[in-house]
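Overview (structure and organization)
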Amino acid sequence: MTAKIIYGKEVANKIKEEVKSKVLMLEKKPALTVILVGENAASKVYVNNKHKMCKKLGIKSDIVVLPEDTTQAFLLDLIKKLNNDKNISGILVQLPLPKHIAEEAVINTVHPLKDVDCFHPENIGLMFAGQPRFLPCTPAGVMEILKFTGVNLSGMNAVIIGRSNIVGKPQAILLLEKHATVTIVHSRTKNIASIVKNADLLVSAVGIKHFVRAEMVKEGVIVIDVGINRIKEKLYGDVDFDEVVKKASYLTPVPGGVGVMTIAVLMQNTLKAYELQQTHNI
Ligand code: NAD
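To start, this report covers the structure provided alongside it. (Residues numbered from 1 in each chain as written. Predicted model: local features only at pLDDT ≥ 70, side-chain atom pairs only at ≥ 80, totals over all residues. Heavy atoms only, no water.)

1. Structural notes on the overall build of the chain
Looking only at helices and strands, the chain has ten helices and eleven strands in total. The C-alpha extent of the chain, read off along each of the three principal axes, is 55 × 40 × 35 Å. Residues classed as buried in the chain amount to 49% of the 282 residues present. For the chain, the share of sequence-separated contacts (at least 6 apart) that also reach a separation of at least 24 residues comes to 71%. Total accessible area on the chain stands at roughly 13700 Å², and carbon and sulfur atoms take up 55% of it. Taking the average place of the 36 positive charges on the side chains of the chain and the average place of its 27 negative ones, the gap between the two points comes to 1 Å. (Helix = DSSP H or I, 4+ residues; strand = E, 2+ residues; numbered from the N terminus. Buried < 20%, exposed > 50% of the residue type's maximum accessible area, 1.4 Å probe, protein only. Contact = heavy atoms within 4.5 Å. Areas by Shrake-Rupley, 256 points an atom, 1.4 Å probe, with all protein chains shown as cover. Lys, Arg positive; Asp, Glu negative; His and termini not counted. Charge placed at Lys NZ, Arg CZ, Asp CG, Glu CD.)

Pasting the structure below:
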């Protein structure tokens, strides 16, 4: 079997066009502020990509760059100011942050109605309860890719590698919503290979180049590669693409797969934040 390659671009374009045409109709435009603290090279690339996409879709975008030694108090103060600024629809603080700043404090300070990353506990709680306000960008992007395949996920054995708050945990909830039987494996899991072998659908978010090899997966598996591993300026996923492509039914490439979707969902969330602002008058 040779897998069908799912390019995120194809799926993302539809979402982006939808957002663009809705934004075009608005008199006042949605506005996203992205805060970048420190000198993380990968973060700079991500932030610039988000900025460029906003411009393309007619969304106002502002990047606030702060030095590595910014204090937590300063950052929280800035977020509070943006929370109270009626001209700002969405706030995104690019992670990871320098070690002296507690991510949790930052995530909890962003106003839940401006939380376009969907990291705030209130928004995560709403998603868990099946009443989502926003959806977390990467896991929701994965769901859009799966929708694009047309495959019915009901009853499938879905295995997620990685249990982060950003990808693995919310991914499990979104797959459960689609009636998959979900297993999360992580760094302390015993016999990962035997669990992965049983997967009809595999979502890998581990952050190790070529962690998923062909002998670990079963014939016909759907493989979504979330991993981004930057080695000597080249990007690799978690999946040994050249080998797994011979066994899977669907496979996403890196780059060109999930990453593109993450930004598309962020744009959707920014528009949603704008709409919420209108109805809640914040
Ligand atoms: P993370 O480091 O927070 O989590 C990694 C997870 O992998 C952890 O839960 C850990 O338990 C698990 N893990 C680590 N070593 C393992 C091992 N040997 N066996 C099994 N599990 C192991 O990372 P994250 O933020 O969830 O991101 C994961 C990957 O996805 C990274 O490569 C990141 O760059 C990428 N990512 C991509 C996008 C995108 O838009 N495509 C978005 C977010 C993250």
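2. Overview of the pairing of strand S6 (residues 181–185)
Strand residues, when the strand is regular, have side chains that alternate between the two faces of the sheet. With five bridges joining them, strand S5 (residues 157–161) and S6 adopt parallel strand pairing. Looking across to S6, one finds that Ala-158 is bridged to Val-182. Tracing the backbone out of S5, into helix H7 (residues 168–177) and back to the parallel element S6 gives a crossover that is right-handed. (Pairing = 2+ DSSP bridges. Right-handed = clockwise from strand over helix to strand, strands pointing away.)

3. Examining the sheet that holds S6
Across the sheet, six strands lie side by side as S1-S11-S8-S7-S5-S6; this open sheet has parallel pairing. Strand pairing shows two members of the sheet lacking a second neighbour, strand S1 (4–5) and S6, which therefore form its edges. By the bridge criterion, two bridges tie S1 to strand S11 (residues 250–251) in an arrangement that is parallel. Note that in S11 the partner of Ile-5 across the bridge is Leu-251. In the packing of H7 onto the sheet, contacts are made with S5, S6 and strand S7 (201–204), and the angle to S6 comes to roughly 170 degrees. (Axes fitted to C-alpha atoms, helices over the stretch in contact; angles between N-to-C directions.)

4. As for the site of the ligand
Lining the immediate environment of the ligand, one finds 20 residues, of which Arg-163, Ser-164, Val-226, Ile-228 and Thr-262 sit closest. At 2.5 Å from an oxygen atom of the ligand is found a side-chain nitrogen or oxygen belonging to Ser-164. Between an oxygen atom of the ligand and a side-chain N or O atom of Thr-262, the distance comes to 2.7 Å. If one sorts the elements of the shell around the ligand by residue count, helix H10 (residues 258–280) sits on top with three residues. The residue inventory of the shell around the ligand, partitioned by class, reads nine nonpolar, ten polar and one charged. (Near = heavy atom within 4 Å. Polar contact = N/O pair within 3.5 Å; in protein donor to acceptor, adjacent residues only side chain to side chain. Nonpolar A, V, L, I, M, F, W, Y, C, P; charged D, E, K, R; others polar.)

5. Focus: the pattern of salt bridges
Counted under the stated rule, the structure contains seven salt bridges. Residue Glu-18 pairs with Lys-14 through a salt bridge whose shortest N-O separation is 4.0 Å. Of the two residues, Glu-18 and Lys-14 both sit in helix H1 (residues 8–25), four residues apart, roughly one turn of that helix. Overall, Glu-18 belongs to the partly exposed group, its relative accessible area being 38%. (Salt bridge = Lys/Arg side-chain N within 4 Å of Asp/Glu carboxyl O.)

Geometry only, nothing functional implied.
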